[in-house]
Amino acid sequence: MNLSVDSDTSADIGLAWNHGFAALGPDFYTELRPTPLPSPHWVGTSADVARLIGLDPAELQRDEALQAFTGNTLLTGSRPLASVYSGHQFGVWAGQLGDGRAILLGETASGYEVQLKGAGRTPYSRMGDGRAVLRSSIREFLCSEAMHGLGIPTSRALCITGSPGPVRREEVETAAVVTRVAPSFVRFGHFEHFAANGLEAQLKQLADYVIDRYYPECRGTTELDGNAYAALLQAVSERTARLMAQWQAVGFCHGVMNTDNMSILGLTIDYGPFQFLDAFIPGHICNHSDTQGRYAYNRQPNVAYWNMFCLAQALMPLIGDEELARAALESYKAVFPQEFMARMRAKLGLASPREQDGELIDAILLLLARNGVDYTIFWRRLSHAVGNSDFEPVRDLFADREAFDAWLLSYSELPVLDNQALAANLMLKTNPKFVLRNHLGEQAIRAAKLGDFSEFQTLQRLLERPFDEHPGHDAYAAFPPDWASSIEISCSS
Ligand code: AMP
Ligand code: MG
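Keep in mind that what you see is a predicted model, and the values were worked out from it rather than measured.

A. Just the environment of Asn371, in detail. Following the sequence through the fold, Asn371 ends up in helix 9 (residues 357–371). C-alpha separation for the pair Asn371 and Leu397, spaced 26 residues apart in sequence, amounts to 8.1 Å. Excluding anything up to four places from it in sequence, Asn371 contacts Phe398, Ala399 and Asp400. Within the structure, the side chain of Asn371 is placed 2.9 Å from the backbone oxygen of Leu367, a separation counted as a polar contact.

B. Region of interest: the site of ligand 1. As a structural note, the neighbourhood of ligand 1 is formed by 17 residues, with Gly98, Gly100, Arg126, Gly130 and Asn261 the closest of them. Here Gly100 contributes a backbone N or O atom positioned 2.8 Å from an oxygen atom of ligand 1. At 3.4 Å from a nitrogen atom of ligand 1 is found a side-chain nitrogen or oxygen belonging to Arg169. Spatially, ligand 1 is embedded in the largest pocket.

C. Up close: the coordination of the magnesium ion (ligand 2). Asn261 (OD1) and Asp270 (OD) make up the full set of protein donors to the magnesium ion (ligand 2), lying at 2.0 to 2.1 Å. The two residues Asn261 and Asp270 agree in class, both being buried.

D. View of the domain arrangement of the protein. According to the domain assignment, the protein contains domain 1 (10–182), domain 2 (191–343) and domain 3 (350–428). In this structure, domain 1 and domain 3 have C-alpha centres spaced 42 Å apart.

E. How the structure looks around the packing of aromatic side chains. Taken as a whole and assessed by the stated rule, the structure comprises 23 aromatic pairs. Ring centres of Tyr305 and Phe309 lie 5.3 Å apart, and the angle between their planes is 90°; this geometry places the pair in the edge-to-face category. In this pair, Tyr305 and Phe309 are both assigned in helix 7 (residues 300–319), 4 residues apart and thus about one turn of the helix distant. Of note, Arg139 hangs over the ring of Phe274, and the distance from its end group to the ring centre comes to 4.1 Å. The side chain of Arg446 reaches across the aromatic face of Trp483, ending 4.7 Å from its centre.

F. Region of interest: the side chain of His473. Topologically, His473 is positioned in the segment after helix 15 (454–464). A distance of 3.3 Å separates a polar side-chain atom of His473 from the backbone oxygen of Pro471. If sequence neighbours within four positions are ignored, His473 has contacts with Phe434, Thr458, Arg461 and Leu462.

G. How the structure looks around the nonpolar core. Counting 160 residues, the largest nonpolar core has Phe191, Phe378 and Tyr411 as the members making the most contacts within it. At 15 residues, the largest contribution of residues to this core is made by helix 6 (residues 228–250). In this view, Phe378 contacts Ile364, Leu368, Val373, Val394, Leu397, Phe398 and Phe404; residues no more than four positions away in its chain are not counted.

H. Quick look at the state of the cysteines. One pass over the full model with this rule turns up 0 disulfides. Cysteine Cys159 shares no disulfide, and the gap to the nearest cysteine sulfur, in Cys143, comes to 18 Å. On the basis of relative accessible area, Cys159 is assigned to the buried category, the value being 0%. With no disulfide partner, Cys286 has as its closest neighbouring cysteine sulfur the one in Cys253, 4.7 Å distant. With a relative accessible area of 6%, Cys286 lands in the buried category.

I. Spotlight on the packing of helix 9 against helix 12 (residues 401–412). It is the contact of helix 9 with helix 12, at a shortest axis distance of 11 Å, that shows an interaxial angle of 160°. In terms of orientation, helix 9 and helix 12 fall into the roughly antiparallel class. The handedness of the crossing between helix 9 and helix 12 is left-handed. Of helix 12, the residues touching helix 9 (which contributes Leu360, Ala363, Ile364 and Leu367) are Ala403, Phe404, Trp407, Ser410 and Tyr411. Residue composition of the contact of helix 9 with helix 12, grouped by class: 8 nonpolar, 1 polar and no charged.

J. Quick peek at unusual backbone geometry. In this model, Arg126 sits at a positive phi of 50°, which is unusual for a non-glycine residue. Tracing the backbone through its elements, the reader meets Arg126 in the loop between strand 10 (113–117) and strand 11 (132–133). Positive phi, normally seen in glycine, also occurs at Asp270, with a value near 55°.

Conventions used here
- Residues numbered from 1 in each chain as written.
- Chains lettered and ligands numbered in written order.
- Predicted model: local features only at pLDDT ≥ 70, side-chain atom pairs only at ≥ 80, totals over all residues.
- Heavy atoms only, no water.
- Helix = DSSP H or I, 4+ residues; strand = E, 2+ residues; numbered from the N terminus.
- Contact = heavy atoms within 4.5 Å.
- Polar contact = N/O pair within 3.5 Å; in protein donor to acceptor, adjacent residues only side chain to side chain.
- Near = heavy atom within 4 Å.
- 1 Å grid on protein atoms, 1.4 Å probe; cavity = no way out; pocket = protein on both sides within 12 Å on 5 of 7 lines; lining within 4 Å.
- Sits in = over half its atoms within 2 Å of the grid points.
- Donors = N, O, S within 2.8 Å, 3.2 Å for Na, K, Ca; no water.
- Buried < 20%, exposed > 50% of the residue type's maximum accessible area, 1.4 Å probe, protein only.
- Domains from an automatic or database assignment.
- Phe/Tyr/Trp six-rings, centres within 6.5 Å; stacked < 30°, edge-to-face > 60°.
- Lys NZ or Arg CZ within 6 Å of the ring centre and 35° of its normal.
- Core = buried A, V, L, I, M, F, W, Y, C linked by side-chain atoms within 4.5 Å.
- Disulfide = S-S within 2.5 Å.
- Axes fitted to C-alpha atoms, helices over the stretch in contact; angles between N-to-C directions.
- Parallel < 35°, antiparallel > 145°, perpendicular 65-115°, else oblique.
- Left-handed = near helix turned anticlockwise from the far one by under 90°.
- Nonpolar A, V, L, I, M, F, W, Y, C, P; charged D, E, K, R; others polar.

Quick look at the structure:
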């Protein structure tokens, strides 16, 4: 097989392309070709995402698409590039980073950027090989689709292709490419890059691009002295705060909240050592490489705020007034608690806010933590209990039953629960039955490594609709097995 991309042939799968990011100019990226991989095969596809970007899902069975989404041929009209960004990693300025293994093909006419992750080295690969392994690609694909199923803003995953091509990590694994899509993959780190290098014209160009395309309401605002860049900072603060509220409410730990992994659109991006909580342990650290616990579950909202400061710093040359920047950041502090409370109220089935809700929520979170209760199972069982008035299965989750009974008394006395059917209905649409627990991902990965993608497909189907009951699949909603706690997920991917 010829392993160089043939520039004369390109695959036409019916996608029309725009190149808004590329139009920013060469200071923002390097144009390059993906590096081919031998003998690719399909691992997984999403018909839903295909339709989203205007692709006929049937294309995802054809060899043209297989070769193109592995990076072995170019898609007609695409213009591959790797973008440059910088960032703070684990609280320390890391200097220049960039798309070290992701290659942007362009954006579809429907407005989605399409990236191949793991498509080979770029000028920003530093010591990396530009590849992604099957294991981490399966995790990224499934979690993107799981988050979307949960209603949480995220990049999406169109497909994974695998290849027998070897990739060296702790051991030798095989390569895979995830094709991921989002309206934009611009990160806080893109802004930090131009600010840190004193490239103010480019910084302004990037900010204007992001505002015009994604935050047009920031122009002509009367708030914040009509300063569009302060308005952008405020809008990003609000979206980021809302995202954090959703992560916390569902028990999602990202694992690597470096500023280069923070989306300017408030999307969940760059799935690495993420985890959905099993037992509710507020200080849980999901990234084996995060020895200090900087990105522990309960620190995420504060870390996001810290990251917002980095973005504010980067935008200062454009905002020009520290007071305005501070005012824009303030919105994070207002929106996060408000959104978090709204999410938690919904989890409890409380349709309208009351003053005592905060106490009730704090009390149950404290009980869950003290008793090490499984987070997802608790909320799902509570949802059913509200519907059928049988709280025993919930009570069974607590070692300290008396403490739970006391809490239940204050909860079940709420007038809102008078309409149990209504409350239960809200709860069952808020508290998922299925989340991508580490051990479930691990089972799908083990099977996939042996060439069996059925577990992957089953999980995909369940996670796309995590609030449905899916009869016959209760095992996927059960407690994690003992071996789950020994799974170590690090930055290695
Ligand atoms: P992450 O924390 O995984 O988002 O990655 C941080 C930086 O390292 C980004 O600039 C990535 O593009 C880069 N990177 C991670 N893994 C690799 C790899 N295998 N090859 C090249 N670059 C990589
Ligand atoms: Mg990253």
